[in-house]
Amino acid sequence: MFKQALAICKKDFNSEIRTRYAVNALLMFIIVVISVIKFSLGEDKLSAEMNAGLLWIIIFFATSNGLSRVFVSEEERGTSLVLKLSSSAGSVFLGKLIFNTLLTFIINFLIIFLYIIITGLDIKNLALFSLTIGLGNLGLSAVMTIIAALISKASSKGTLYPVLSFPLLLPLLLAAISATTLTIEGAPIGAIAGELQMIASYTIVVITASFLLFELVWHD
Amino acid sequence: MPENIPANNTSGSSIMLKAVNLTRKFDRKVIFENVNFELTPSSATAITGRNGSGKSTLIKIIANLLIQSSGELNLFNKGEKVKKENVFKYIGFVSPYLNLYDEFTGYENLKIISDIRGSGHGNIDNVLKRVGLYNRRNDLLKIYSSGMKQRLKIAFAILHEPKIMLLDEPTSNLDLEGISVVDDIANEYKRDRILIIATNDAHERSLCGNEINLNEIKQS
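In this text the structure is predicted, and so the values were computed from the model without any measurement. (Residues numbered from 1 in each chain as written. Chains lettered and ligands numbered in written order. Predicted model: local features only at pLDDT ≥ 70, side-chain atom pairs only at ≥ 80, totals over all residues.)

**Q** Help me out: how do you make sense of the overall build of chain B in this one?
**A** Scanning chain B for helices and strands turns up six helices and ten strands. Relative to the compact-globule value of 17 Å for 220 residues, chain B shows a C-alpha radius of gyration of 17 Å, a close match. Taken along the three principal axes of its C-alpha coordinates, chain B extends 50 × 35 × 30 Å. Here chain B, with 220 residues, has 44% of them falling under the buried criterion. Intrachain contacts of chain B at a sequence separation of at least 6 include 74% that bridge at least 24 residues. (Helix = DSSP H or I, 4+ residues; strand = E, 2+ residues; numbered from the N terminus. Rg over C-alpha atoms; globule rule 2.2 N^0.38 Å. Buried ≥ 20, exposed ≤ 12 C-beta atoms within 10 Å, placed from the backbone. Contact = placed C-beta atoms within 7 Å.)

**Q** Looking at this structure, how should I read the overall build of chain A?
**A** Looking only at helices and strands, one finds nine helices and zero strands in chain A. Traced from its N-terminal end to its C-terminal end, chain A shows the element sequence α-α-α-α-α-α-α-α-α. Scaling as 2.2 N^0.38, a compact globule of 220 residues should have a C-alpha radius of gyration of about 17 Å, and chain A matches this with 18 Å. Each principal axis of the C-alpha atoms in chain A carries an extent, and together these give about 55 × 35 × 30 Å. When burial is assessed residue by residue, chain A has 44% of its 220 residues classed as buried. Across chain A, the fraction of contacts at a sequence separation of at least 24, relative to all contacts at a separation of at least 6, is 86%.

**Q** What's the story with helix α3 (residues 48-66) of chain A in this structure? I'm lost.
**A** Structural remark: α-helix, 3.6 residues per turn; residues separated by three or four positions point the same way. Taking 1.5 Å of rise per residue, the 19 residues of α3 of chain A would be expected to cover 27 Å, and the 27 Å separating its terminal C-alpha atoms lies within 8% of that figure. Residues of α3 of chain A that are buried include every one of Asn51, Ala52, Leu55, Trp56, Ile58, Ile59, Ala62, Thr63, Ser64 and Gly66 of chain A, and no others. (Expected span 1.5 Å × (residues − 1).)

**Q** Please explain the pairing of strand β3 (residues 29-39) of chain B as it appears in this structure.
**A** Side chains on a regular strand alternate between the two faces of the sheet. Residues and elements named next belong to chain B. Alignment of strand β2 (residues 15-26) against β3, held across seven bridges, turns out to be antiparallel. By the bridge assignment, arginine 24 is partnered in β3 with phenylalanine 32. Adjacent in sequence and paired antiparallel, β2 and β3 are bridged by two residues, among which aspartate 27 carries a positive phi angle near 55°. (Pairing = 2+ DSSP bridges.)

**Q** Help me out: how do you make sense of the interface of chain B and chain A in this one?
**A** Many analyses report the size of an interface as the accessible area lost when the parts associate. Facing 20 residues of chain B, the contacting portion of chain A comprises 21 residues. Per element, the largest residue contribution to the side of chain B that touches chain A is five residues, and it comes from helix α2 (residues 106-117) of chain B. A breakdown of the residues in the side of chain B that touches chain A according to their chemical character gives 14 nonpolar, two polar and four charged. (Nonpolar A, V, L, I, M, F, W, Y, C, P; charged D, E, K, R; others polar.)

**Q** Would you explain the nonpolar core in this entry?
**A** Note on soluble globular proteins: their nonpolar side chains tend to be buried together. Residues Ala148 of chain A together with Ile62, Ile154, Ala155 and Leu166 of chain B are the most contacted members of the largest nonpolar core, which totals 123 residues. Of the residues forming this core, the biggest block, 14 residues, is contributed by helix α7 (residues 126-151) of chain A. In contact with alanine 148 of chain A, not counting residues within four places along its chain, are Leu67, Ser68, Val70, Phe71 and Val72 of chain A. (Core = buried A, V, L, I, M, F, W, Y, C linked by C-beta atoms within 7 Å.)

**Q** Explanation requested: the confidence of the model for chain B in the structure shown.
**A** Any residue range with low pLDDT should be treated as having predicted coordinates unsuitable for detailed reading. Residues and elements named next belong to chain B. Here chain B shows a mean pLDDT of 87. Residues at 70 or above account for 92%. The element-level mean pLDDT for chain B is lowest in strand β1 (residues 3-5), coming to 42, with α2 highest at 94. Confidence drops under pLDDT 50 across residues 1-12; counting only partners more than four residues distant or on other chains, this segment forms 25 contacts. As a predicted assembly, this complex carries a pTM of 0.87 together with an ipTM value of 0.86. (pLDDT = per-residue confidence, 0-100.)

**Q** How do you make sense of unusual backbone geometry when you look at a structure like this?
**A** Trans is the prevailing form of peptide bonds, just as negative phi is the prevailing case for residues other than glycine. Residue and element names in this part refer to chain B. Unusually for a residue other than glycine, asparagine 64 sits at a positive phi of about 65°. With respect to the helices and strands, the residue asparagine 64 is situated in the loop between α1 (55-62) and β5 (70-77). Accessibility expressed as a C-beta count within 10 Å gives 21 for asparagine 64, which makes it buried. A positive phi is found at asparagine 173, a non-glycine position, where the angle reads about 75°. Position of asparagine 173 among the secondary structure elements: in the loop between β8 (164-168) and α5 (176-192).

**Q** Before we go on, may I ask you to explain the sheet that holds strand β4 (residues 43-48) of chain B in this structure?
**A** Strand-to-strand pairing in sheets goes through backbone hydrogen bonds, with the strands running parallel or antiparallel. Residues and elements named next belong to chain B. If you trace the five strands from one edge of the open sheet to the other, you get β7-β8-β9-β4-β10, paired in parallel fashion. Looking along the sheet, the strands with just one partner apiece sit at the ends: β7 (91-94) and β10 (210-213). With strand direction ignored, the average angle separating the axes of adjacent strands in the sheet is 15°. Judged from the five bridges that link them, β8 and strand β9 (residues 194-198) form a sheet pairing that is parallel. In the sheet register, leucine 167 faces β9, and the bridge partner there is isoleucine 197. (Axes fitted to C-alpha atoms, helices over the stretch in contact; angles between N-to-C directions.)

**Q** Hey, could you run me through the packing of helix α1 (residues 2-19) of chain A against α2 of chain B in this one?
**A** The angle between the axes and the distance between the axes are what describe a pair of packed helices. The contact between α1 of chain A and α2 of chain B brings their axes to 7 Å, and the two run at 150°. One way to sum up the angle between α1 of chain A and α2 of chain B is to call them roughly antiparallel. Facing Gln4, Ala7, Ile8 and Lys11 of chain A of α1 of chain A, the residues of α2 of chain B in contact are Ile112, Asp115 and Ile116 of chain B. When its residues are assigned to classes, the contact of α1 of chain A with α2 of chain B shows four nonpolar, one polar and two charged. (Parallel < 35°, antiparallel > 145°, perpendicular 65-115°, else oblique.)

**Q** In this structure, what is going on with the packing of helix α2 (residues 23-41) of chain A against helix α6 (residues 89-119) of chain A? I would like to understand it.
**A** All names here are of chain A. Taken N-terminus to C-terminus, the directions of α2 and α6 make an angle of 20°; their axes are 10 Å apart at the nearest point. Of the possible angle classes, the one that applies to α2 and α6 is roughly parallel. For the element pair α2 and α6, the recorded crossing hand is right-handed. Here Leu26, Ile30, Ile34, Ile37, Lys38 and Leu41 of α2 come into contact with α6, specifically with Ile107, Leu110, Ile111, Leu114, Tyr115, Ile118 and Thr119. Residue composition of the contact of α2 with α6, grouped by class: eleven nonpolar, one polar and one charged. (Left-handed = near helix turned anticlockwise from the far one by under 90°.)

**Q** Even after reading the chapter, I still don't get α5 of chain B, so can you show me in this structure?
**A** Residue and element names in this part refer to chain B. With 17 residues, α5 extends 25 Å between its outermost C-alpha atoms, agreeing within 8% with the 24 Å of an ideal straight helix rising 1.5 Å per residue. Those residues of α5 lying buried are Gly178, Val181, Val182, Ile185, Ala186, Tyr189 and Lys190. End-on, the buried residues of α5 take up no more than an arc of 155°, which puts them together on one face. Of the exposed residues in α5, those oriented more than 90 degrees away from the buried face are Leu176, Glu177, Asp184, Asn187, Arg191 and Asp192. Buried residues belonging to α5 abut β4, α4 (146-158), β8 and β9. (Arc of directions from axis to C-beta.)

Printed below as a string of structure tokens:
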């Protein structure tokens, strides 16, 4: 199953490199949003709470733009049948989840890198900040992947994606914003342990539920 | 009255496809109901019927791409019922609504599919030669003609040497040479495996010994 999933993930990467379905739109979005923030702020500095909130808003909408493509492009181009006739539903979900997780990490690395350069954000506890963003990314890509599978068969995909994913992601976003704020201020691990536990538990629950539900979503 | 196709001689056969009272509705509209058949190796069955009678729907249900509204469809291998999630391993499928990946070459498409299926690449060249695409194997699919794409779909279907071959209007878009390729494959599969063709074309019907006529099955 894992080997098949990796083959699907590799196929998606090669496809993305050739078609640039998601990458072009994402790059434009990230550059435009971060530029607007810079122009609005000028030389002003934001509080840790504002920085954490803004970062996660950018991350949420950037991933909303990019991650739905994994299933939507397969349905729109009629290639989903190839996957259905070549592998089990579990392998397809795992492959798409790995691809989306890697894509989320790349997107978010770029967002944070540009955000730090442009706004001059000073992160006091970089190791814990990275851990928070990493765990948050995993939860985010898990939710976004199963929602992408659900909406790929709907007619108004663009509107449905953020509408369906936001309520599901709210607990994750609240915990991630709180933990990110504390790490920017330099809090030790003990201060954010609760948030990290919550994000990790949430991610495990979402991935487990997604594996159980995906077969139904995929086959009808 | 349900349509009944008698079982062929099952002695020595390893695979059997059995449908009991198969019914499919879209919302409240009954597409077909109470379809019954029992197919064993060395059989060739044409699914016929007027437009909208459910030929493609029935073939999708057999391929496990769609779920029936009621009734049972089971695949047996050596007397054991095959789990739904493993049915794809036994199925070769060609249809007008199946599309391969435009951004890859013909060879790359088959290589990706072999990787996803976990089979080797050893059979790819043979299959491409058989469908007459070997000399164009390194061309991107987006520059293939519709006939060449149809040939590649046939290559996709025979690549893993399935025990059941499902062909939905297999000769559409094909020239005489392409039709002869389909004839060869149909004749090969009906020798020792199960062949099902959904069609109204007289030539394609002539390749089959049995017929399931959906016009004769009650529809409302």
